[in-house]
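Overview (structure and organization)
Listed below, chain by chain, are the residues.
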Amino acid sequence: MTGLLGQRAVVIGAGIGGLAMAGTLAKYFERVEVFERDRLASSPASRSGTPQDRHPHGLLAGGLQALGEIFPGFESDLAKAGAVAVRVARDIQYERPDFGVLPKRDFGLSLLCASRPLIELVLRRRAEAVANIALRPECRVTGIVPTTSGAAVDGIRFDAGSGHSEVLAADLVVDASGRGALTSTLYDALGWERPEVTEVGVDLSYATVVVPIPPNAPPDWKLVFTLPDPPFLALDAVLVPMEGGRWIITIAEHGATARLETWDAFLEASRSLTTPTIYNALRYAQPPDGIRHYRFPASYWKHFERLPRLPRGVLPVADALCRFNPIYGQGMSAAGQQARLLQDVLGRAAAEPDPIAASQAGFMAEVASVLETPWSMSTSADLAFPGTRGERPENFAEAQQFEAAVFRAVIADPVVHRAMTEVFQLLQPHRRLREPDIVRRIEAVPAKAAA
Ligand SMILES: Cc1cc2nc3c(=O)[nH]c(=O)nc-3n(C[C@H](O)[C@H](O)[C@H](O)COP(=O)(O)OP(=O)(O)OC[C@H]3O[C@@H](n4cnc5c(N)ncnc54)[C@H](O)[C@@H]3O)c2cc1C
């Protein structure tokens, strides 16, 4: 351990963001304590603190890479635990209403598909194996404690189940609690103005089933992503393989008013998708045990990065900072990439006179570079629905036309296909598609080639 920044860092929440951050912090603090309100089981299990874990959780190649840099060996652990390897583009049936099925090309990139509880368990085991990380399950944090002077924090207040509040001092408190409510309460208690929030209201209604992969599963794909057709059809669907020879399938409706309550209703909805791929895959599948539901009202980005400073010693991260529409599968990957950013920032901050304040400022100065690509891709797809709440960017129409041109070129040109794939997998920033070598190739494909 080099360049120690402090005695103790506390992380609130042992979800993907919290565990990834703990891995980073352990290199710079003598001790890292991760507080989690839930009991943490020793086998993959759904938890009440993460109700989303009963739905598909795709880990993009950029997220897998970041988590593997924080916890070397994570990827092989996940594969050994039963995750299914999927070759990006070659094994993915990516279906758009305007351009049909994208070509199956092999770019040498792989994903690992598993249930969210398994991904989290494998990550947690890696964190537990780090000598100076301690997990504190069944410990609910009830407050971030400000100093008497008010511009900094002393630590946290928590309840370990006894009903009595205890206080723990910390040099840095990382809020990875999902909603970031404790950071908001801290701002209110200090009388500081909360950050501006950009919100994109999607009112997405998830219906999810898990079925055994049938023996007659099509051999030409492992994962399906069927896009909606705004404004005519508001149904997205994803089918993802996972451990135990199962598929997990979600049909998500934008602006839904009713839920899919039965298997028959689910199958019927799968028939109304823009292609019959998922219906054909499911029609002879064994019926699932039940339908799982989740309602996602809005994506948000809390712009802490626009504030002149944070209270010294607190850092909101992952979903507490920015929550993406889950259908695009970006949240865990963006959390892993934020943890990797924090690693770079802590390394530099060690030389500063106030390394804690320098870490906070450094993280906030650069976090937009991690969030912008997933945020712009997911919100621009959502804003194509007339019912989506939120401000359309000034160049929205141009961006839509550019995206159509990109997809035309993706079909014709493997170089553009690779670039687009790397951007979608969060391995490259979105601006990669605007670089001259790619723009030249996009412009070389005439609009009529779309027909
Ligand atoms: C329906 C749905 C599907 C999704 N699908 C995908 C996907 O396909 N791919 C993807 O990358 N992402 C997906 N996501 C997003 C993903 O779940 C999150 O972005 C990711 O887990 C990072 O979140 P986090 O660590 O900030 O919060 P979480 O994973 O939600 O973890 C927060 C943790 O904090 C704990 N906690 C909360 N309050 C306290 C407290 N006071 N004291 C102690 N502990 C506390 C909670 O119990 C929980 O364990 C999906 C989300 C939803 C809603």
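Rules behind the numbers
- Residues numbered from 1 in each chain as written.
- Predicted model: local features only at pLDDT ≥ 70, side-chain atom pairs only at ≥ 80, totals over all residues.
- Heavy atoms only, no water.
- Pairing = 2+ DSSP bridges.
- Helix = DSSP H or I, 4+ residues; strand = E, 2+ residues; numbered from the N terminus.
- Domains from an automatic or database assignment.
- Salt bridge = Lys/Arg side-chain N within 4 Å of Asp/Glu carboxyl O.
- Buried < 20%, exposed > 50% of the residue type's maximum accessible area, 1.4 Å probe, protein only.
- Axes fitted to C-alpha atoms, helices over the stretch in contact; angles between N-to-C directions.
- Arc of directions from axis to C-beta.
- Contact = heavy atoms within 4.5 Å.
- Near = heavy atom within 4 Å.
- Polar contact = N/O pair within 3.5 Å; in protein donor to acceptor, adjacent residues only side chain to side chain.
- Nonpolar A, V, L, I, M, F, W, Y, C, P; charged D, E, K, R; others polar.
- Core = buried A, V, L, I, M, F, W, Y, C linked by side-chain atoms within 4.5 Å.
- Phe/Tyr/Trp six-rings, centres within 6.5 Å; stacked < 30°, edge-to-face > 60°.

Right, let's get into the pairing of strand β12 (residues 197-212). When a strand is regular, its side chains alternate between the sheet's two faces. Direction of pairing for β12 relative to strand β16 (residues 292-302): antiparallel, over a ladder of 10 bridges. Of the residues in β16, the one forming a bridge with Y206 is Y294. Sheet topology places β12 next to strand β15 (residues 246-254); 9 bridges connect them, and they run antiparallel. When the sheet's bridge partners are listed, T208 is paired in β15 with T250.

As a further point, take the domain arrangement of the protein. Many descriptions give the size of an interface as the accessible area lost when the pieces come together. For the protein, the assigned domains read domain 1 (6-78 + 111-197 + 298-379), domain 2 (200-296) and domain 3 (396-450). Each of domain 2 and domain 3 was reduced to a C-alpha centroid, and the two centroids are 28 Å apart.

For the coordinates displayed, the defined rule picks out 30 salt bridges. Of the charged contacts, one joins R8 and E33 as a salt bridge, the two residues approaching to 3.0 Å between their closest N and O atoms. Remark: E33 occurs in strand β2 (residues 29-35) and R8 occurs in strand β1 (residues 6-12); sequence separation between them is 25 residues. Overall, R8 belongs to the partly exposed group, its relative accessible area being 22%. Within this structure, E36, R37, D38, R47, R116, E120 and R124 form a network of salt bridges that share partners.

Take the sheet that holds β1 next. Strands sit in the order β7-β2-β1-β11-β17 across an open sheet of 5 strands; the sheet is parallel. Whereas interior strands pair on both sides, the edge strands pair on one side only; in this sheet they are β7 (133-136) and β17 (314-316). Taken pair by pair, the neighbouring strands of this sheet meet at an average axis angle of 20°, ignoring direction. Across 3 bridges, the pairing between strand β11 (residues 172-175) and β17 is parallel. Opposite V173, over in β17, you have V314 as the bridge partner.

For the rest of this paragraph, the subject is helix α12 (residues 436-443). Along an α-helix, residues three or four positions apart point the same way, because every turn accommodates 3.6 residues. Inspection of α12 places I438, V439 and I442 among the buried residues, and these make up the whole buried set. For α12, the buried positions fall inside an angular range of 100° around the axis, keeping them on one side. Structural note: α12 exposes P436 and R440 on the side pointing more than 90 degrees away from its buried face. The inward-facing, buried residues of α12 abut α10 (396-412) and α11 (414-424).

Another aspect to go through is the site of the ligand. In the vicinity of the ligand, 36 residues are found, and the nearest of them are E36, H57, R116, D319 and M332. P56 is positioned with one of its backbone polar atoms (N or O) 3.0 Å from a nitrogen atom of the ligand. The contact in question runs from a nitrogen atom of the ligand to an N or O atom on the backbone of V141, over 2.9 Å. For the shell around the ligand, the class distribution of residues is 13 nonpolar, 15 polar and 8 charged.

It is worth spelling out the nonpolar core at this point. In this structure, L25, F29, V32, F74, L78, L315 and F363 are the most contacted members of the largest nonpolar core, which totals 107 residues. Here this core takes 10 residues from helix α9 (residues 355-383), the largest share from any one element. The contacts of L25, once residues within four sequence positions are left out, are A9, V11, V32, L172, V174, L342 and L346. If you look at the next biggest cluster of nonpolar residues, it comprises 23 residues, including A207, V211, W221 and W247.

On to the packing of aromatic side chains, then. The geometry of an aromatic ring pair is captured by the separation of the ring centres together with the interplanar angle, meaning the angle of the planes. One pass over the full model with this rule turns up 12 aromatic pairs. Note on Y94 and F424: the rings are 6.4 Å apart at their centroids and 75° apart in plane angle, and the pair reads as edge-to-face. Placement of the pair is Y94 in strand β4 (residues 92-96) and F424 in helix α11, with a sequence separation of 330 residues. Look at F424 and you get partly exposed, because its relative accessible area is 27%.

Attention shifts here to the sheet that holds strand β10 (residues 165-169). Strand order in the open sheet made by the 3 strands is β8-β9-β10, with antiparallel pairing throughout. Edge strands, defined here as strands with exactly one partner in the open sheet, are β8 (140-146) and β10. Taking each pair of neighbouring strands and ignoring which way they run, the sheet shows an average axis angle of 30°. Where β8 meets strand β9 (residues 153-159), 6 bridges bridge the pair, whose relative direction is antiparallel. Note on β9: the bridge partner recorded for I144 is I156. Seen against the sheet, helix α5 (residues 181-190) touches β8 and β9 and runs at an angle of roughly 30° to β8.

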